[in-house]
Amino acid sequence: MNKQQKMNPVPPVRIFSITNKLRGIFKKLYYAFVPANMAVFEKSQGFWTAKAISVACELNLAEILGDEKRSVNEIAKKASADASALYRLMRALAGEGIFKETETGYFKNTHLSNALKEQPGHLKNMIMHQLNSTNWEVVNEMKHSVVSGENAAQKLFGTDIFTHLENTPEKNALYNKAMTETSRLSSTSMVAAYSFRNINTLVDLGGGEGMLLYAILQKNEKLKGVLFDLSHVVTTAAQLAKDYDVEKRVQIIPGSFFKDKLPVSDAYLLKNILHAFDDETCTTLLKKVHNALDQKGKILVIETVIGEDNKYEFGKMFDLQMLIGTENGKERTKNEFRSIFETAGFRLNRVIKTVSPFCIVEGVKK
Ligand SMILES: C[S@@+](CC[C@H](N)C(=O)[O-])C[C@H]1O[C@@H](n2cnc3c(N)ncnc32)[C@H](O)[C@@H]1O
């Protein structure tokens, strides 16, 4: 079994939502007793921790520590950092449970800092994409988006985010790795939540490097897959298919889902694609998928589905990302999905919850 095949076990959806509810209750209780000014200040200070974690990733501190206790001088030498400044960073993170100072000036990894090592399931590149690269720049322009309603990426780079990534290969490589990591994380929950048994060929539209598709193919030995994404994105996809041992059942098509013809199939998967576009653009794309789908075909949209209430949800924060990084993109409620599905000729069949923040929205032809 190769590295990619190892998947973390997934807790049942019911247990996961009970834990989430408990977290909400404890948070409410805590903030009921902390003075309000301190509470909002504390919430706003999350950026210290976030940035410190991303610096620890960039300097490979968890890898340098490995399984040993090491002096900060030794770590600093290996990380090409200033020992005294590095000590302050690691001491601050130790207070968050990330690294442990065993005796003055000596650190070892904890179960949290171990998660920063490049090993199956890590999200190191996603953390760096968010906090050291493209996304950090875009987040800094959130006010522009809120005041003008416009895409901050357009203001910053003079172009949409995907064209900007295409023009900056270093950032693009980091972004693709980040997407693959999050897909790897959520693929276990997707594979556990949905049966692909009655599907012959699954097209993953905008499937990035193919990680999710390959994980699905691994679990469904008769299924064939088509990976469709922009040419500069699929450059590593063939190698990854080999790593997953599914290359014989995969076709990789470089292309634009707006400009190029889509392959005919009995199932389409779109994970985190529609949220980057306004309703009209989504409808155009969905109509194209509708034309390429068999009469009894299925469309599976994997995205957050926002509740109509004011409870905390990852999707509501993720929606801010769509506000700043896309041209009128947004996370959608079930009714909003139903509406774009209907306009494109689909009926929303069901919404399947998973243990990840993402749901599977299943549509069939009307
Ligand atoms: C947010 S990522 C999602 C990637 C993958 N589905 C996942 O969830 O990990 C959006 C993907 O859409 C692709 N994409 C954007 N515009 C596209 C277009 N016009 N044609 C094909 N793919 C496109 C991007 O290259 C990127 O891989």
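Residues numbered from 1 in each chain as written. Predicted model: local features only at pLDDT ≥ 70, side-chain atom pairs only at ≥ 80, totals over all residues. Heavy atoms only, no water.

J.: Just checking my understanding: could you explain the site of the ligand for this structure?
T.: Around the ligand, the surrounding shell holds 17 residues, and the nearest of these are S183, G206, D229, F257 and K271. D229 places a polar side-chain atom, nitrogen or oxygen, 2.7 Å from an oxygen atom of the ligand. Note that a nitrogen atom of the ligand is positioned 2.9 Å from one of the backbone N or O atoms of K271. For the ligand, the accessible surface in isolation is 590 Å², of which the surrounding protein chains cover 93%. For the shell around the ligand, the element with the most residues is helix 13 (residues 169-193), which contributes three residues. (Near = heavy atom within 4 Å. Polar contact = N/O pair within 3.5 Å; in protein donor to acceptor, adjacent residues only side chain to side chain. Areas by Shrake-Rupley, 256 points an atom, 1.4 Å probe, with all protein chains shown as cover. Helix = DSSP H or I, 4+ residues; strand = E, 2+ residues; numbered from the N terminus.)

J.: What exactly am I supposed to notice about the sheet that holds strand 1 (residues 70-71) here?
T.: Whenever strands of a sheet pair, they do so through backbone hydrogen bonds, lying parallel or antiparallel. If you trace the three strands from one edge of the open sheet to the other, you get 1-3-2, paired in antiparallel fashion. Either end of the sheet is taken by a strand with one partner, and the two such strands are strand 1 and strand 2 (100-103). Bridging between strand 1 and strand 3 (residues 106-108) involves two bridges; their strand directions are antiparallel. Note on strand 3: the bridge partner recorded for S71 is Y106. (Pairing = 2+ DSSP bridges.)

J.: It is not clear to me how the pairing of strand 2 should be interpreted in this structure. Could you clarify?
T.: In summary, the side chains of a regular strand alternate between the two faces of the sheet. Summarising the sheet, strand 2 and strand 3 pair through three bridges and their orientation is antiparallel. When the sheet's bridge partners are listed, K100 is paired in strand 3 with K108. In textbook terms, the turn of a hairpin is the stretch between consecutive antiparallel strands, and for strand 2 and strand 3 this stretch comprises two residues, one of which, G105, has a positive phi near 80 degrees.

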